[in-house]
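These are the residues of each chain, in order.
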Amino acid sequence: MTTFAGDVGDRANDGGASATPIPEAKSRSLRRWNRFLTFAHGAQFLAMIAISSTARVFEPIVPTVKPIIENGQFTGIEPSSVTLFSIPLAYVIASFLLMSAIAHASAGWLVRGRYEAYLARGINPLRWIEYSFSSTVMIIAIAYISYITDLPALVAIAGANVAMILFGWSMEAANEGRLETGQKVDWKHFIFGCIAGIAPWIGIFSIVWAYSAQEGLPADAGIPAFVYVIIASLFVAFNIFAITMILQYRKVGRWSDYLYGEKTYMILSLVAKSLLAWQVWSGTLQP
């Protein structure tokens with residue numbers, strides 16, 4: 001599999017090099033979209049940093065044990081935990097807006113030629129590279145505000161999410177050229193990605209359910225309503241990404257044009273990141 005940093009221009013003898021270049025009008029449209037989204041994400045990043053409270057922190061814990069010493073003698077162990085680091089939650093939330101701004105700036109300016117050459121072949125490694133970082137931070141943030149604070153659990157959630165995203169990349173790479181030649185689409189990568197992607201949500205839903213199911217929980221100690229809204233809205237948004245890929249590879253309506261699907265991904269990314277950022281801000285990050 002070729003990385004995005006590879007030189008597309010040197011692929012003259014490769015099957016992908018024969019792809020028809022993107023028409024000039026669509027190229028200009030993509031450029032405008034990416035440059036607009038650079039500023040849309042970047043402006044939100046700056047606003048989030050400027051107006052957010054830093055009182056709420058992101059400080060995952062690592063469960064461990066410590067020895068029990070009585071009268072100088074070891075008598076057993078007891079549960080303990082260690083906080084390895086602590087950073088303002090606002091910085092975590094703002095970071096995925098910055099990641100998207102950098103990715104769209106790359107597509108709109110820095111590596112525009114390579115980006116469009118890949119799109120002409122029906123793949124977009126830059127999208128999957130960016131999502132592997134930004135959506136992973138998003139799912140970690142959702143898990144953390146849902147009371148999953150153990151670092152090992154957060155690492156596992158991050159790993160599953162990265163695997164899901166990279167299966168999206170491998171789905172496109174494995175099926176490059178198949179739609180144009182009428183070959184059967186290989187859906188294994190998509191299915192494996194869905195399996196990996198559902199794991200973090202099972203963890204989030206289970207912890208929320210377990211907390212709410214506790215007997216004798218005071219009414220004012222329940223999970224805040226905004227957390228439920230965030231979980232529901234982001235769960236729907238994440239699944240629409242998967243639906244977009246299905247529409248592309250089923251060649252349904254306007255999604256039969258890969259570039260229409262690319263713009264769909266752009267809009268979904270902006271909406272999902274904006275929803276999460278400002279919902280968290282309204283719930284916990286207001287000064």
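Residues numbered from 1 in each chain as written. Predicted model: local features only at pLDDT ≥ 70, side-chain atom pairs only at ≥ 80, totals over all residues. Heavy atoms only, no water.

Describing a nonpolar patch on the surface
And then number 1: Judged by side-chain polarity, Val65, Ile69, Phe74 and Ile77 come together as a nonpolar surface patch covering roughly 420 Å² of accessible area.
And then number 2: Relative to the helices and strands, isoleucine 69 is located in strand β2 (residues 61–70). (Patch = residues over 30% accessible without salt bridge, like charges linked within 9 Å, V, L, I, M, F, W, Y side chains within 5 Å. Areas by Shrake-Rupley, 256 points an atom, 1.4 Å probe, with all protein chains shown as cover. Salt bridge = Lys/Arg side-chain N within 4 Å of Asp/Glu carboxyl O. Helix = DSSP H or I, 4+ residues; strand = E, 2+ residues; numbered from the N terminus.)

Considering the environment of asparagine 239
And then number 1: Considering the arrangement of structural elements, one finds asparagine 239 in helix α8 (residues 225–250).
And then number 2: Separated by 41 residues in the primary sequence, asparagine 239 and isoleucine 198 have C-alpha atoms spaced 9.8 Å apart.

A word on α8
And then number 1: Compared with the 38 Å implied by 1.5 Å per residue over 26 residues, the 38 Å span of α8 between its first and last C-alpha is a close match.
And then number 2: Backbone geometry just after α8 places lysine 251 at a positive phi near 55°. (Expected span 1.5 Å × (residues − 1).)

Some details on the pairing of β2
And then number 1: When β2 meets strand β3 (residues 73–83), the two strands line up antiparallel, connected through 10 bridges. Bridge pairing in β3 places proline 67 opposite isoleucine 77.
And then number 2: Here β2 folds back onto β3 in antiparallel fashion, the turn holding 2 residues, of which asparagine 71 has a positive phi close to 55°. (Pairing = 2+ DSSP bridges.)

Structural notes on the confidence of the model for the protein chain
And then number 1: Overall, the prediction assigns the protein chain a mean pLDDT of 91, with 94% of residues at 70 or greater.
And then number 2: Confidence drops under pLDDT 50 across residues 1–17; counting only partners more than four residues distant or on other chains, this segment forms 27 contacts. (pLDDT = per-residue confidence, 0-100. Contact = heavy atoms within 4.5 Å.)

Topic: helix α4 (residues 125–145)
And then number 1: The terminal C-alpha atoms of α4, which comprises 21 residues, lie 30 Å apart, in line with the 30 Å expected from a rise of 1.5 Å per residue.
And then number 2: Residue tyrosine 147 follows α4 closely and has a positive phi angle near 75°.

Some remarks on the environment of leucine 98
And then number 1: Note on placement: leucine 98 falls in helix α2 (residues 89–110).
And then number 2: C-alpha of leucine 98 to C-alpha of tryptophan 187: the two residues are 89 residues apart in sequence and 32 Å apart in space.

Quick notes on the side chain of threonine 244
And then number 1: Turning to its location among the elements, threonine 244 is positioned in helix α8.
And then number 2: Every residue in contact with threonine 244, bar those within four places of it in the chain, is listed here: Trp255, Gly261, Thr264, Tyr265 and Leu268.

As for unusual backbone geometry
And then number 1: Of note, the phi angle at asparagine 71 is positive, near 55°, even though the residue is not glycine.
And then number 2: In this structure asparagine 71 comes out as exposed when scored by relative accessible area, which is 81%.
And then number 3: The phi dihedral of tyrosine 147 is positive, around 75°, even though this residue is not glycine.
And then number 4: Checked against the element boundaries, tyrosine 147 lands in the loop between α4 and α5 (151–174). (Buried < 20%, exposed > 50% of the residue type's maximum accessible area, 1.4 Å probe, protein only.)

Some thoughts on the packing of aromatic side chains
And then number 1: In total, this model carries 17 aromatic pairs according to the counting rule given.
And then number 2: A ring pair is formed by tryptophan 187 and phenylalanine 190, whose centres lie 5.5 Å apart and whose planes are at 85°; its orientation type is edge-to-face.
And then number 3: What makes phenylalanine 190 buried here is its relative accessible area of 14%.
And then number 4: Among the aromatic residues, those joined into a ring-pair cluster are Trp128, Tyr131, Phe241 and Tyr265. (Phe/Tyr/Trp six-rings, centres within 6.5 Å; stacked < 30°, edge-to-face > 60°.)

Quick notes on the packing of α5 against α8
And then number 1: As a packed pair, α5 and α8 sit with axes 12 Å apart at the nearest point and diverge in direction by 15°. Classified by the angle their axes make, α5 and α8 are roughly parallel. Here α5 and α8 pass one another in a crossing that is left-handed. In this structure, α5 uses Asn161, Gly168, Met171 and Glu172 to contact α8, whose residues at the interface are Phe238, Met245 and Tyr249.
And then number 2: Looking at side-chain class alone, the contact of α5 with α8 contains 4 nonpolar, 2 polar and 1 charged residues. (Axes fitted to C-alpha atoms, helices over the stretch in contact; angles between N-to-C directions. Parallel < 35°, antiparallel > 145°, perpendicular 65-115°, else oblique. Left-handed = near helix turned anticlockwise from the far one by under 90°. Nonpolar A, V, L, I, M, F, W, Y, C, P; charged D, E, K, R; others polar.)

Considering the environment of tryptophan 255
And then number 1: Structurally, tryptophan 255 can be placed in the loop between α8 and α9 (258–285).
And then number 2: A relative accessible area of 23% means that tryptophan 255 is categorised as partly exposed.
And then number 3: Along the chain, tryptophan 255 and methionine 245 lie 10 residues apart, while their C-alpha atoms are 8.8 Å from each other.
And then number 4: Excluding residues that lie within four positions of it along the chain, tryptophan 255 makes contacts with Thr244, Leu247, Gln248, Tyr260, Gly261 and Thr264.
And then number 5: Polar contacts involving the side chain of tryptophan 255 include one to the side chain of threonine 264, which spans 3.2 Å. (Polar contact = N/O pair within 3.5 Å; in protein donor to acceptor, adjacent residues only side chain to side chain.)

Remarks on the nonpolar core
And then number 1: In this structure, Ile93, Ile142 and Leu234 are the most contacted members of the largest nonpolar core, which totals 53 residues.
And then number 2: Counting residues per element, the ones that place at least two in this core are α1 (24–51), α2, α4, α5, α7 (188–212), α8 and α9.
And then number 3: Ranked by residue count, the leading element in this core is α4, at 11 residues.
And then number 4: What isoleucine 142 contacts, discounting residues up to four positions off in sequence, is Trp201, Ile204, Ile230, Ile231, Leu234 and Leu276.
And then number 5: In terms of nonpolar packing, the next biggest core, distinct from the first, is built from 12 residues, Ile22, Ala40, Leu119 and Tyr258 among them. (Core = buried A, V, L, I, M, F, W, Y, C linked by side-chain atoms within 4.5 Å.)

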